[in-house]
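Reading the structure
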Amino acid sequence: MTESSFERLAIWQRGIEVTRNVYRFTKKLPSSENFGLISQMRRAAISIPSNIAEGRQRSTKKDFAQFLRIALGSAAELETQIILSEQLYPGPDASVLRTSVQELQRMIASFIKKLG
């Protein structure tokens with residue numbers, strides 16, 4: 001199987017890493033959050049690399065930049081959910097995850113600027 005062009009992007013790779021970490025983190029949350037916070041966090045996390053990949057396959061830089069902006073919005077949504085989970089369930093340590101999401105947001109924003 002050949003590697004897709006989006007798989008070579010550092011922002012996509014970081015998005016996959018963040019998503020894996022979100023799944024690990026949400027396993028520590030109470031099962032009562034399965035259809036609430038856990039579901040929301042996982043969907044937001046999955047949306048980040050998914051939009052990066054979809055945008056990369058588009059034919060113009062403008063289209064790619066739009067999908068990157070959507071990914072950036074999903075990252076902000078995820079960061080908000082991490083903050084909320086910290087406030088509701090102080091047991092699991094989310095600071096590393098939050099820092100990782102913030103770094104990813106900076107990477108995506110920088111990539112958008114490069115695209116012009």
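That block above? That's the structure.
So, a few notes on the structure that sits alongside this text. (Residues numbered from 1 in each chain as written. Predicted model: local features only at pLDDT ≥ 70, side-chain atom pairs only at ≥ 80, totals over all residues. Heavy atoms only, no water.)

**Quick word on the pattern of salt bridges**
Put simply, the rule reads: Any Lys or Arg side-chain nitrogen located within 4 Å of an Asp or Glu carboxyl oxygen qualifies as a salt bridge. Exposure classes here rest on a 1.4 Å probe applied to the protein chains alone. A residue is buried below 20% of its type maximum, exposed above 50%, and partly exposed in between. Only runs of H or I of at least four residues qualify as helices and only runs of E of at least two qualify as strands under DSSP, and these elements are numbered from the N terminus.
Scanning the entire structure with this criterion turns up three salt bridges. We note a salt bridge from E54 to R58, for which the minimum N-O separation is 2.8 Å. Note on E54: relative accessible area 37%, which makes it partly exposed. What makes R58 partly exposed here is its relative accessible area of 38%. A salt bridge links E79 to R98; the shortest N-O distance between them is 3.3 Å. On the criterion of sequence distance, the pair formed by E79 in helix α3 (residues 61-88) and R98 in helix α4 (residues 95-115) is long-range, its members being 19 residues apart.

**Topic: α3**
Convention followed: For a helix, the expected span equals 1.5 Å multiplied by the number of residues minus one. The contact criterion used is simple: two residues touch if any of their non-hydrogen atoms lie within 4.5 Å.
Spanning 28 residues, α3 covers 40 Å between terminal C-alpha atoms, matching the ideal 40 Å at 1.5 Å per step. The inward-facing, buried residues of α3 contact α1 (10-26), α2 (37-56) and α4.

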